[in-house]
Each structure stands twice: as structure tokens, then as C-alpha cells.
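If you want the building blocks of each chain, they are given just below.
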Amino acid sequence: MQNKALPFPIGRTELIIMMASLMSLNALAIDIMLPALGLISDDFALPSVNDRQWTITSYIYGMAMGSILYGSLADRFGRKPVLLVTIGIYTLFGILCALAWDYELLLIGRFIQGLAASAMGVLANSIIRDRYDGDAMARSMSTIMMVFMIVPITAPLLGQLVLHIAPWKAIFLVLSTAGLATFLWVMTRLPETLHPDDKTPIRARSVASAWHGVIFNRNSFGHVIASGLMMAPLFAYIASAQQIFFDIFGAGDIFVYIFALSAGAMSIASFTNSRIVMRFGARRVSQSALIFFILVSIIHFALAEAGGLNLWSFTAVLVPSMAMVGFTGANFSSIAMQPFGRTAGVASSFQNFARSGLSSVIGAAIGLQFDGTVLPLATGFMVCGIASLAFIFWAEKGKLFRRVQTGVTASDLVPHS
């Protein structure tokens, strides 16, 4: 079993907050932009109302593609050096976006910023896996998600505040400032969590073996795909939220507060999950949440199809849906990572690539179907939820609500080759 005897000078609380901060750089880079999308569209004279979504989607595509890179690098060189380099790139390309003189350059800068920022999710997952396993890992990830969700709640409001005192390009300088602060914190406080004995040379055969272990571990791969399917409607909602609230409901003045309400529901769910997952198990909690998500999504679709949604009824079905995503995300990821010990970095990297790639492609496709109604979004929620349950059913061989294990032993770990 992987050696975890390294000295670790920082406490669990600081580690949790630091990992949440790393992941928050992604959420901040996405959600802080939402109030500015209309201004960006106007300044660059974009030909289609849906083109503004690429400010969000290009970043998400970068996140998805970058995820494949960092696991092998982190397993070879350690978690900390890779983190510092990627945070530095994130910071520099935030400045480039602020200086962009056309929309194409802005999208290139956003893509590369997302490419670098994808390391945050991969390595936060790997660092927590270095320290914990089983339901304990699920609990830690849930706590991280709870802290992390403060950013989606407040980021659009922060973006709105920036727009009150400065042009929209100043938002990118806020991102770079956050990146610099996180860089300094990681550099001065985070110890290396990968034990020297567990460092793995970058060899094509070793990487392929780890990928093979992820793909052909039925339970792990099924949970990765299910997680990607649950993230897809979330990305679609984020990409089209500004248009939904401004154009359909004419609620631009309260948009940031309703967005905060839905993000807050996810945060409360993550907090609740961190308190109950050790008692009930990650599988029981996440599968129950997924089924409830599907039921709410069916109601959402039926109301949208009948034209019976207004601002408040849309919010009433959106908020519980977002809450259920909060119950599934950390649990699905933790279950998918349980079989991997020494190859945690490569496994996390490949899983994030598959999860983010799937969710970004499907989420962008749903978002770009925006037609002045919420029906495309409601359809996406329902279809993705049902498909996610189908993959969980396949992964668990038809046996839902089991509690398989509370920890991982040496015999559970996928061997390194």
C-alpha cells in the first residue's frame, strides 16, 4: 500500500481550505464573468446572441483538455511543483485576457487559462487521495466542495461590483490577483504529499496501464461517466444563465442573487453530505440524490413543455436540482478514485479528462440550443439525469444502495506497472 508517512506540518483545516481555494480559481474564472457577458458581446459586436457563451465554454474546453496532462507530471515530479507552474500560467493569462483587443484573442487566452487551471481539480483530488481513502476521502471532498461553493455564490456579485467601478476587462485582473495570492500560499505552506517512493517515471506503458485500469474498472469508469453527465447540465446552466434571467425573465437586477441561491443549495448539500456520508456511505447518498434529481427534472421538463414556467417556478425547480448535484459530485469522484493508490495522479488526471470532456461537450451543446425558452435546458437536465442513473446501474451491476466499504486496503488498490 502507498506510503503516507511523510511529515505533514499543516492541519486538516488548512489543507481543506487550501484545496478548496485551488478549485475555487476555476469557479471564480467562470462565474465572475456572468454579469459581463452582455457587455463583452456588445464591445466585440458578436453576430449571434449565443456567441457570448464561448467566453465560458472556451475556458471549460481548456479545463477538459488540460486534465489529461497533469496526472503523469504530478506522479513524476510531485504535486507542488506542477501546481506552482500551472497557477503561474493561470495568473499570466488572466492579464493577457485583460489586454485582449479582439474576441478571438480573448477566447485563446481563456482556453489556455482553463488549460492551466485544470491542474487545480486534478491535483486537489490527488492530494486528498494521498492523505485519505474510502468514505474518509468522500467526507474530505465534501467539505472541500462546501468551502469551494462559497465562490460560485459570491462570484457573480463580485463581478457585478467590479463592473460598477471599472470596465469588464478589470474582472480578469481580479482573477490574476487571486491566482497570485494562491501561488504564494501554496509555495510557502503546502508540503509535498507524494512520497518519494511513490514517484513514477513518465513512461507510455505505465500511463497506458493506469488508463487501462480506469477504463476497464467497471465501477470506477461508470461513476466517471455518470459524474460527467451530472456536470453537463450544470455547465449548460452556467453558460446560458445570463440569457435566461436577462432575456427570458427580465430579471437582470436580481440575477446575481438567484444564481447565488442555486449555488448556495449546492453548498448546503455538500455540507450535509460531509456530515452524513460516513454514516450512510457515498453510494447510498449519491444514488438517492440522483433519483431525486431525475424526478425534479421530469417536473421541470413538463412545466417547460407546457409553457408554465415563470421566474419563481423556474427557480423552484432549479434550486433542488442544483442541491442534488452537490450530493453526487464529490461522492461519485471519491468512489471512482477508491481503487487507485500509487497511480492516483494519473488516475485522477484521466478521470477528470473524461468527466470534464464529456460534460463540456454535452453542456456546450445544450447551452447553444438556447432559443429564448428554458425548454432546451430542462430537456438536458432530464436526459442527462436518466443517462447518469443508467451508468450507475451498469457500474453497480444492478445493485444500488449498497455500502461496499468504508476504506481501502492493499488488495483493493490497482497495482502499478
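All figures in this text were calculated on a predicted structure; none of them were measured in a lab.

**Examining helix α12 (residues 282–305)**
Taking 1.5 Å per residue as the helical rise, α12 with its 24 residues ought to reach 34 Å, and the 34 Å between its terminal C-alpha atoms agrees with that figure. Immediately downstream of α12, the backbone of G307 shows phi near 70°, a positive value.

**A few points about empty space enclosed by the protein**
Within the structure shown, the criterion is met by six cavities of 30 Å³ or more. Counted as a void, the largest cavity has a volume near 780 Å³. M23, M145, F148, M231 and F235 are the residues nearest the centre of the largest cavity, which is lined by 39 residues in total. The set of elements that each furnish at least two residues to the lining of the largest cavity consists of α1 (12–31), α3 (54–77), α5 (103–131), α6 (134–148), α10 (218–248), α11 (255–280), α13 (311–337) and α14 (344–367).

**Considerations on a nonpolar patch on the surface**
Together, I291, F292, L295, I298 and F401 make up an exposed nonpolar region whose accessible area comes to about 420 Å². Its place among the elements puts I291 in helix α12.

**Here we look at the side chain of S240**
Its place among the elements puts S240 in helix α10. Classification of S240 as buried rests on a relative accessible area of 4%. A distance of 2.7 Å separates a polar side-chain atom of S240 from the backbone oxygen of A236.

**Brief notes about the confidence of the model for the protein chain**
When the pLDDT values of the protein chain are averaged, the result is 84; 91% of them are 70 or greater. Ignoring residues within four places in sequence, the model shows residues 1–5, a span with pLDDT below 50, making 19 contacts including any to other chains. Below a pLDDT of 50 lies the segment residues 406–417, which in the model reaches 29 contacts outside its immediate sequence neighbourhood of four places, other chains included.

**Focus on the pattern of salt bridges**
By the definition in use, this model includes two salt bridges. The partner of R189 in a salt bridge is E14, with the nearest N and O atoms 2.8 Å apart. One end of the pair, R189, is in helix α8 (residues 170–189); the other, E14, is in helix α1, and 175 residues separate them in sequence.

**Regarding the nonpolar core**
By size, the foremost hydrophobic cluster in this structure holds 120 residues, and its most contacted members are M19, L106, L190, Y237, F245 and F314. With sequence-adjacent residues up to four places away left out, M19 is seen in contact with A124, I127, I128, I144 and L190.

**A few points about unusual backbone geometry**
Phi is positive for A45, close to 50°, though the residue is something other than glycine. The topology assignment puts A45 in the loop between α2 (37–43) and α3. Judged by relative accessible area, which is 61%, A45 ranks as exposed. Positive phi is not limited to glycine here, since K397 has a value of about 55°. With respect to the helices, strands and loops of the structure, K397 is situated in the segment after α15 (375–395).

Calculation rules
Residues numbered from 1 in each chain as written. Predicted model: local features only at pLDDT ≥ 70, side-chain atom pairs only at ≥ 80, totals over all residues. Heavy atoms only, no water. Helix = DSSP H or I, 4+ residues; strand = E, 2+ residues; numbered from the N terminus. Expected span 1.5 Å × (residues − 1). 1 Å grid on protein atoms, 1.4 Å probe; cavity = no way out; pocket = protein on both sides within 12 Å on 5 of 7 lines; lining within 4 Å. Points joined across faces, edges and corners; volume = space filled by probe spheres on them. Patch = residues over 30% accessible without salt bridge, like charges linked within 9 Å, V, L, I, M, F, W, Y side chains within 5 Å. Areas by Shrake-Rupley, 256 points an atom, 1.4 Å probe, with all protein chains shown as cover. Salt bridge = Lys/Arg side-chain N within 4 Å of Asp/Glu carboxyl O. Buried < 20%, exposed > 50% of the residue type's maximum accessible area, 1.4 Å probe, protein only. Polar contact = N/O pair within 3.5 Å; in protein donor to acceptor, adjacent residues only side chain to side chain. pLDDT = per-residue confidence, 0-100. Contact = heavy atoms within 4.5 Å. Core = buried A, V, L, I, M, F, W, Y, C linked by side-chain atoms within 4.5 Å.

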